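The chain contents come next:
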Amino acid sequence: MTKVKLSLIKLMFLGILMTACQAGGGGGKDELSLDYEKIILNNGLEVILHEDNSDPIVAVSILVHVGSNREKPGRTGFAHYFEHMLFQRSENVPEGGFFKNINEWGGTFNGGTWTDGTVYSEVVPKDALEKVLWMESDRMGFFINAVSLASLEGEKPVVQNEKRQRVDNQPYGHTQSVILKALYPEGHPYNWTVIGELEDLQNATLDDVKEFYEQWYGPNNATLVIAGDIDRDEVMAMVEKYFGEIPSRGIDTPMEPQPVSLDQTKTFYYEDNFAQLPEIRLTFPTVEQFNEDQWALDALGAILSDGKRAILYKEVVEKAKLAPGVSSYNSSNELAGTFTIRVRANKGTDLNSVRTVIDQALVKFDQEGFDIKDLDRIKAGIETSFYNGISSVLGKAFQLAQYNEYAGTPDFVKTDLAKIKAVTKDDVMRVFRKYVFNQNRIVTNFVPKGEAGLAMEGAVLADIKEEGINEYGQSEIIEEEGDFTIVKTASSFDRSKEPDFGEPPLVTPPTIWTTKTENGIDVYGVETGELPLVNFSMRIMGGHYLDDPNKIGVANLMTDIMMEGTANKTPEELEDAIGQLGANLSMFTSDEYIQVSGNCLSRNFEATMELVQEILLEPRWDEKEFERIINLTLQGIKQRETNPNTVATVVINKKLYGEDHILGHPAIGYEDVVNQITIEDLKAFYESYFVPNVTNYHIAGNVTQKRALDALGKLTTEWQQKEVIMPAYDVPAVNQNPKVYFVDIPEAKQSVIRIARLTVPSNDPVYNEIMVANDRLGDGSSGRLFQILREEKQFTYGAYSFPRRSAMAPGSFTAFSSVKSSTTKDALDTFKEIIGSYSGTYTAEDLEKTKTSMIKENARNFETLTNLLSILHNISTYDLPQDYIDREQKTVTNATIESIQNTANEYFDLSRYVFVIVGDKATQYDPLRVDGYGDPILVDRYGNAEEAI
């Protein structure tokens, strides 16, 4: 499951009640409230209902008030591990029920653990609600008798793989552990990380599981939220039936705050095997959530580092040029809080100099303060962030649960919002001096391996226990499942019977309008009045595809420089203009287009679009910012080389498309090439390729077609058409024999496996057939790859496969996973077995489940503005018909076992695939040399051949 870290600044911005303009923008102000009803059952379970019939879907969220702060020393990571266990089985839900059922019912699910809580959530079509409540209640009240020693031991490797993937195999992954152990005394509930220590996890026993469940998983220690298209009386009858008879148990008293202080500054260093750049973090102890100082500290974090005027940015980035960026933030949790300043410095930078400049910047901030505009900008963004936070039923459910469980009522959001609005300049300066300026702190220096000299003088080597590549093998399961019998807990009804589906939901696709401007912009829109928000984008086709092969990286740099001011606005002034509107504007480059993305309140739409016009038509070409952006890009290239997943993507693209195809090269470019790019190269790209006749404009939200078109303004009258000829690249033929490549990442704790081939253009009907055929193979946790590689063999945290669309070249099909290093060969063999046998083992049951899930999931396709914009993107970018979703559904409906088998035989034939393995060569390369596909070819991190030794 995903580990969730919910900072209170996010909760504050994503609140549930707020005074705001009503939908449509303009006019007076009314209080917008998200109605809810709160009911407390006799067993103490707090139930919150919110009715929203805009889409035929329902979100269910259960927040249990137990996180890693309730663990015992020596049993760290247990709350997170327990979250994993609850996805296995219970007395009446069979093994893997959550992983299989939710996807098969057309839904999605997740779980998350953080320091102070654990949350479980599902979003399903409304007809599956009772099924979800049946399963959720079973794991809350009827779980513990289903836990065997086999299931206990079987989940340990999965959690260990998650730690390897998220911590051990990541640059700077161990930083948080060093900070927590140094900041909080031994025995403090925040002294360890949420994922804990592998040794502690290995020692977990059945008695530990039973004790944890009985103490913390009673209904009296949880909040259940049901939000969406519901009938109040029907839902409460279900809640009473499934949850009402579960007895109260365990502890439900919140912990008291335990803030800490430091009597001295402590400085540590560590040589990180995966880091390419030196990084310094300064961590100061602050306050717990809802402390009166929390809101000012949250604001301080943004004011110190966000924006061109921020003092840390000015001193570290602009003047000293020690790094391309800097960040600072407050994180207040239930028991205590921290304030962090982080700088990932330029390659080879001495961190003594970075620390010195940071301290000088803080002295200057103490003396000069800050511009009140920066505090105003923070407050201006609250309303937009609020609406973004409740744009989905799951977002509503999360926020209702969070405020209820940690503040006692969802209504606390009114206090939360009032507190941030009330923060003054004096408040910010007061907390700065109280908690940050001249205060003791924990300082961590993580430097590349072999570059300890970059760490600060006097830094002490951090005590980090790194797992050996072959440490913690597969658990030896000493109890056979056949010898284990579940003893059922008594219930007032037969819980072993899964409820039936309810009435099928009625799905109403949105009405899409389209038009074309006189200068050639294709426009696609959906009007919806649920929230006073607008999301829009402009896709200028080409992107990386239009890069000169000798100057790869120009297109990527374009989107950074274009956001750094305009001819009439400095970078700082543009930033202010966007911020004062509470809007979000950004640009990025993809392989096949450059996109401008916007999100704003409906009433600020025209003003936001005026800024877009200025950005696109009047670029500033700021030389100082160009220098910084080049540095940032070079830093990104260095970091890419240390990320095994990114390395695998770079290599497999090169092997699929070839050296001579632009898509065989990363859009960010190469270090030696980027160093040669000039601002004149960017100007030339702009003059040639930023034109309206290759631009698609998409808009979804509370705005009419007329307003959407009028807001284009000068983009329709002053933006001149030019001919743009997309390059024609030869696409290599699909392999007739498999090719296996190996990339060495020394001491990698996991191996990344990518298996891929090219397929068809995205507007080819065969794409839909591949998508349907893949459903039971790798599209989610119910797929065979996940079920076998994770659930059965415990090689990985997850394994999936997917087809990928491409606008200008054939698309691709990829299967992938990150597996424990010592299981690399076995995992690769398992991939081959699953994919290779898929066609011959595909059954009528598989087909039925595919049809059920893919038809029912359509209910979730139109919920948010992001969903709607994605539909418009697919139509314009991939030349799809407006009813392409209906056509996808027809492909599903018309599918037969034979059609699936034929598609699998054609497109899942492994003899035509490229295999890429990224891992530790010293231990994993030789076993693969007898793999059956010939010796793997050793390549570097860009796919260039290396000499095998």
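Residues numbered from 1 in each chain as written. Predicted model: local features only at pLDDT ≥ 70, side-chain atom pairs only at ≥ 80, totals over all residues. Heavy atoms only, no water.

Enquirer: It is not clear to me how the packing of helix α18 (residues 554-561) against helix α24 (residues 679-689) should be interpreted in this structure. Could you clarify?
Expert: The interhelical angle for the contact between α18 and α24, taken along N-to-C directions, is 90°, at an axis separation of 10 Å. When the interaxial angle is binned, α18 and α24 end up roughly perpendicular. Along the contact surface, α18 presents Val554, Ala555, Leu557, Met558 and Ile561, while α24 presents Asp681, Leu682, Phe685 and Tyr686. Of the residues belonging to the contact of α18 with α24, the class tally is 8 nonpolar, no polar and 1 charged. (Axes fitted to C-alpha atoms, helices over the stretch in contact; angles between N-to-C directions. Helix = DSSP H or I, 4+ residues; strand = E, 2+ residues; numbered from the N terminus. Parallel < 35°, antiparallel > 145°, perpendicular 65-115°, else oblique. Contact = heavy atoms within 4.5 Å. Nonpolar A, V, L, I, M, F, W, Y, C, P; charged D, E, K, R; others polar.)

Enquirer: I would appreciate a short explanation of the packing of aromatic side chains in the present structure.
Expert: A full pass over the atoms with the stated rule returns 41 aromatic pairs. Above the plane of the ring of phenylalanine 493 lies lysine 241, whose end atom (NZ or CZ) is 4.9 Å from the centre. Sitting over the ring of phenylalanine 370, lysine 425 keeps its end group 5.4 Å from the ring centre. (Phe/Tyr/Trp six-rings, centres within 6.5 Å; stacked < 30°, edge-to-face > 60°. Lys NZ or Arg CZ within 6 Å of the ring centre and 35° of its normal.)

Enquirer: What is the right way to read the nonpolar core from this model?
Expert: Where a protein is soluble and globular, its nonpolar side chains tend to be buried together. Membership of the largest hydrophobic core comes to 84 residues, with the highest contact counts inside it found for Phe536, Phe605, Leu616, Phe690 and Tyr697. Broken down by element, this core gets its largest block of residues, 7 residues, from helix α22 (residues 644-657). In contact with phenylalanine 690, other than residues within four places in its own chain, are Ile540, Met558, Met562, Met587, Ile594, Leu616, Phe685 and Trp719. Residues Trp295, Leu297, Ala299 and Val393 belong to the second largest nonpolar core, which totals 72 residues. (Core = buried A, V, L, I, M, F, W, Y, C linked by side-chain atoms within 4.5 Å. Buried < 20%, exposed > 50% of the residue type's maximum accessible area, 1.4 Å probe, protein only.)

Enquirer: Whenever I open this one, the sheet that holds strand β14 (residues 460-461) confuses me. Can you help?
Expert: Backbone hydrogen bonds are what pair the strands of a sheet, in a parallel or an antiparallel way. Overall, mixed pairing links the 6 strands, which are arranged β11-β12-β10-β13-β9-β14 in an open sheet. Looking at strand neighbours, the two that pair on one side only are β11 (327-332) and β14, the edges of this open sheet. Sheet topology places strand β10 (residues 279-285) next to strand β12 (residues 337-344); 7 bridges connect them, and they run antiparallel. If you follow threonine 283 over to β12, its bridge partner there is threonine 340. Helix α6 (residues 175-183) contacts β9 (266-272), β10, β12 and β13 (442-448) of the sheet and is inclined by roughly 155° relative to β13. Across the sheet, helix α10 (residues 294-305) lies against β11 and β12, angled at about 165° from β11, the strand it touches most. (Pairing = 2+ DSSP bridges.)

Enquirer: Would you take a moment to explain the environment of glycine 44 for this structure?
Expert: Inspection of the secondary structure assignment puts glycine 44 in the loop between β3 (37-40) and β4 (46-51). Separated by 175 residues in the primary sequence, glycine 44 and proline 219 place their C-alpha atoms 6.1 Å from one another. Here glycine 44 is in contact with Pro219, Asn220 and Ser248, once residues within four sequence places are set aside.

Enquirer: Is there a simple way to explain helix α21 (residues 623-640) in this structure?
Expert: An α-helical segment advances 3.6 residues per turn. Residues three or four places apart therefore align on the same side. Over its 18 residues, α21 runs 26 Å from end to end, which matches the ideal 26 Å to within 8%, given 1.5 Å per residue. Buried within α21 are the following residues: Glu625, Phe626, Arg628, Ile629, Ile630, Thr633, Leu634, Gln635, Ile637, Lys638 and Arg640. The N-cap residue of α21 is aspartate 622: its side-chain oxygen and the backbone nitrogen of lysine 624 are 3.1 Å apart. (Expected span 1.5 Å × (residues − 1). Polar contact = N/O pair within 3.5 Å; in protein donor to acceptor, adjacent residues only side chain to side chain.)

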